[in-house]
Amino acid sequence: RKEVEQDPGPFNVPEGATVAFNCTYSNSASQSFFWYRQDCRKEPKLLMSVYSSGNEDGRFTAQLNRASQYISLLIRDSKLSDSATYLCVVNERGRDDKIIFGKGTRLHILP
Amino acid sequence: GAVVSQHPSRVICKSGTSVKIECRSLDFQATTMFWYRQFPKQSLMLMATSNEGSKATYEQGVEKDKFLINHASLTLSTLTVTSAHPEDSSFYICSASVGRWGSDYTFGSGTRLTVV
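Residues numbered from 1 in each chain as written. Chains lettered and ligands numbered in written order. Predicted model: local features only at pLDDT ≥ 70, side-chain atom pairs only at ≥ 80, totals over all residues. Heavy atoms only, no water.

Within chain A one finds 0 helices and 11 strands. In summary, chain A has a C-alpha radius of gyration of 14 Å against a globular reference of 13 Å for 111 residues, a match within 12%. Counting over 111 residues, chain A shows a buried share of 45%. Pairs at least 24 residues apart make up 56% of the contacts formed inside chain A by residues separated by at least 6 positions. (Helix = DSSP H or I, 4+ residues; strand = E, 2+ residues; numbered from the N terminus. Rg over C-alpha atoms; globule rule 2.2 N^0.38 Å. Buried < 20%, exposed > 50% of the residue type's maximum accessible area, 1.4 Å probe, protein only. Contact = heavy atoms within 4.5 Å.)

With that out of the way, let us pick up the packing of aromatic side chains. In total, this model carries 10 aromatic pairs over all chains according to the counting rule given. When the centroid spacing of 4.7 Å and the interplanar angle of 45° are considered together, the rings of Y25 of chain A and F33 of chain A count as tilted. One exposure class covers both Y25 of chain A and F33 of chain A, and it is buried. Ring centres of Y36 of chain A and F107 of chain B lie 5.6 Å apart, and the angle between their planes is 80°; on these two criteria the pair is classed as edge-to-face. With Y36 of chain A in strand β4 (residues 32–38) and F107 of chain B in strand β10 (residues 105–107), this residue pair bridges two chains. Overall, the relative accessible area of 1% leaves Y36 of chain A in the buried class. Of note, K66 of chain B hangs over the ring of F67 of chain B, and the distance from its end group to the ring centre comes to 5.9 Å. (Phe/Tyr/Trp six-rings, centres within 6.5 Å; stacked < 30°, edge-to-face > 60°. Lys NZ or Arg CZ within 6 Å of the ring centre and 35° of its normal.)

Now for the sheet that holds strand β6 (residues 55–57) of chain A. Residue and element names in this part refer to chain A. The 5 strands are arranged β1-β3-β8-β7-β6 in an open sheet whose pairing can be described as antiparallel. Two strands lie at the open edges of the sheet, namely β1 (4–6) and β6, each paired on one side alone. Strand-to-strand, the axes of this sheet are offset by a mean angle of 20°, without reference to chain direction. Two strands pair when backbone bridges link them, and β6 and strand β7 (residues 60–65) are joined in this way by 3 bridges, in the antiparallel orientation. In the sheet register, N55 faces β7, and the bridge partner there is A62. (Pairing = 2+ DSSP bridges. Axes fitted to C-alpha atoms, helices over the stretch in contact; angles between N-to-C directions.)

Residues and elements named next belong to chain B. Read from one edge to the other, the open sheet built from 4 strands follows the order β1-β3-β8-β7, with strand pairing classed as antiparallel. Two strands bound the open sheet, and with one partner strand each, they are β1 (4–7) and β7 (67–73). Along the sheet, successive strands turn relative to each other by an average axial angle of 15°, direction set aside. The sheet contact formed by β7 and strand β8 (residues 76–81) spans 5 bridges and is antiparallel. Bridge pairing in β8 places N70 opposite T78.

Take the interface of chain B and chain A next. On the side of chain A, 19 residues touch chain B, which itself brings 20 residues to the contact. Across the chain B/chain A interface, buried area totals approximately 1,800 Å², and carbon plus sulfur atoms make up 50% of it. Between the two partners, chain B and chain A, sit 0 salt bridges. Across the chain B-chain A interface, the total number found is 4 residue pairs in polar contact (both at pLDDT 80 or more). The set of elements that each furnish at least two residues to the side of chain B that touches chain A consists of β4 (32–38), β9 (90–97) and β10 of chain B. At 3 residues, the largest contribution of residues to the side of chain B that touches chain A is made by β4 of chain B. Partitioned by chemical class, the residues of the side of chain B that touches chain A number 9 nonpolar, 7 polar and 4 charged. (Buried area = accessible area lost by both parts, 1.4 Å probe. Salt bridge = Lys/Arg side-chain N within 4 Å of Asp/Glu carboxyl O. Polar contact = N/O pair within 3.5 Å; in protein donor to acceptor, adjacent residues only side chain to side chain. Nonpolar A, V, L, I, M, F, W, Y, C, P; charged D, E, K, R; others polar.)

The next subject is the environment of R37 of chain B. Residues and elements named next belong to chain B. For R37, the location among the structural elements is in strand β4. Residue R37 is classed as buried on the basis of its relative accessible area of 16%. It is 14 Å that separates the C-alpha atoms of R37 and P86, two residues lying 49 residues apart in sequence.

Dropping the structure here:
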């Protein structure tokens, strides 16, 4: 099983719609979870952290389910500018402090 | 906020030559730097972790003699792709750990390497 798995998409969504991504992780000892956004040929940028209690930032909501080992990202009222690749990121603390990226989910917002 | 400056942003080199990529932390001390590689439509893959003043730790499958990492100071880490081949063509990104948690990693802008 891969360390971090995401549906690669692409998700083609009309502007204004709501879209949700899921991501699963294999290491139950993972400590921190994040969603990054990566535009084509650019470096990834932190979108938001994911907390056990769930967190919301404007149109974006992230949730963590430790029991099932998955995290989710919900985008409401999608904008054309939301078109990007969304990377699920897991920080494996402990013996090796490293961050593991999922392959990313490509989102295309259609006008 | 913390900024990592990565250069060059784009490089084309001939097969068999070596290429050096630099990452500098501009307003903080980066004790740990991560080097990633990203092939088209693939995820970022961690290549190695470098710590200032010590040898880099390479991920499985990454040749340490081919991808030389030097982290001689708290503000500079370099990745040298030695004897580059076309299959080394990729997007290389560095990331510095600013704090203890994943949200405190800041990325360089990436280097697109094309080996012809």
